[in-house]
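Descriptive structure summary
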Amino acid sequence: MKKILYVLTTLLITSCASIPKESVDLMEIVILKNQKAHELNVALVDKLYKAKKKDIDIFIDGKYTDDIWEQLKALIPDSVDINKNMSSIITSLSKQINAQRSEMKQVLETARLQTQEIISKDFKIQSEASKEVKELLISATKIDENRVQILQNYSNQFQLGLDVNELELSIDGFLNSAGNTGADIQKLGQEFLKQLNQIKKK
């Protein structure tokens, strides 16, 4: 994709008169590929967040529940018959466990929506730039200075996007911290959401 952009950029900057029809067709291919890449990005991010929500269930139903149960038992006086009070203990335990699960998943859902917003915003900017270059290719009547400026803008916008690997590392970092007993999920969630806007392709 970058090679195609480089060819078009060189062609436009160095050309003074006519623009080959093939270059317009080539730009149309770039636009279509950008659309496909955007759709793939959206699907990939949704799949990533869905997998991480499953990880939350596995963690909560396993290690977290075991840890909470052990901590609770340590707080119960020896004079209390655990078996006789098991029903009320389970009720109390379930509320805490479900609250933890719900809070962690809510943060991920908010992050998913915010991530998709970032992707859509970037794609919109890139699409507008692509259309501008295509129109420039078709008309080939703008002065050289305008062409160079438009192409430079497009080249800069071509780098927009989301680094999915970095996104996953950020999600895992949040989950690892939020999974600790007594963790302030709200505060951790706010810090995690702030990081999303900084996760860009370099």
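This text goes with the structure placed above it.
If you're wondering where the values come from, they're calculated on a predicted model, not measured in any experiment.

The subject of this paragraph is the pattern of salt bridges. Per the counting criterion, the structure on display carries 10 salt bridges. Here Asp 55 ties to Lys 52 by a salt bridge, and the two come within 3.9 Å at their closest N and O atoms. On the criterion of helical spacing, the pair formed by Asp 55 and Lys 52 is a turn pair, its members being three residues apart in helix α2 (residues 21-75). When its relative accessible area of 37% is taken as the criterion, Asp 55 is described as partly exposed. Salt-bridge contacts for Asp 57 lead to Arg 101; the nearest nitrogen and oxygen are separated by 2.9 Å. In this pair, Asp 57 is assigned in helix α2 and Arg 101 in helix α3 (residues 86-139), connecting sequence segments 44 residues apart. When salt bridges with common partners are traced through the structure, they connect Asp 46, Lys 53, Glu 109 and Arg 112 into a single cluster.

You can see Gln 116 is positioned in helix α3. Take Gln 116: its relative accessible area is 11%, and that puts it in the buried class. Among residues more than four places away in sequence, those in contact with Gln 116 are Val 42, Val 45 and Asp 46.

As a further point, take the nonpolar core. Judged by nonpolar contacts, the single largest core of 26 residues is most densely connected at Tyr 49, Leu 108, Leu 167, Ile 171, Phe 174, Phe 192 and Leu 196. When contributions to this core are tallied by element, the ones reaching two or more residues are α2, α3, α5 (164-178) and α6 (185-196). If you tally residues by element for this core, the top one is α3, at eight residues. Setting aside its immediate chain neighbours within four residues, Phe 174 contacts Met 104, Val 107, Leu 108, Ile 185, Leu 188, Gly 189 and Phe 192.

Parameters and conventions
- Residues numbered from 1 in each chain as written.
- Predicted model: local features only at pLDDT ≥ 70, side-chain atom pairs only at ≥ 80, totals over all residues.
- Heavy atoms only, no water.
- Salt bridge = Lys/Arg side-chain N within 4 Å of Asp/Glu carboxyl O.
- Helix = DSSP H or I, 4+ residues; strand = E, 2+ residues; numbered from the N terminus.
- Buried < 20%, exposed > 50% of the residue type's maximum accessible area, 1.4 Å probe, protein only.
- Contact = heavy atoms within 4.5 Å.
- Core = buried A, V, L, I, M, F, W, Y, C linked by side-chain atoms within 4.5 Å.

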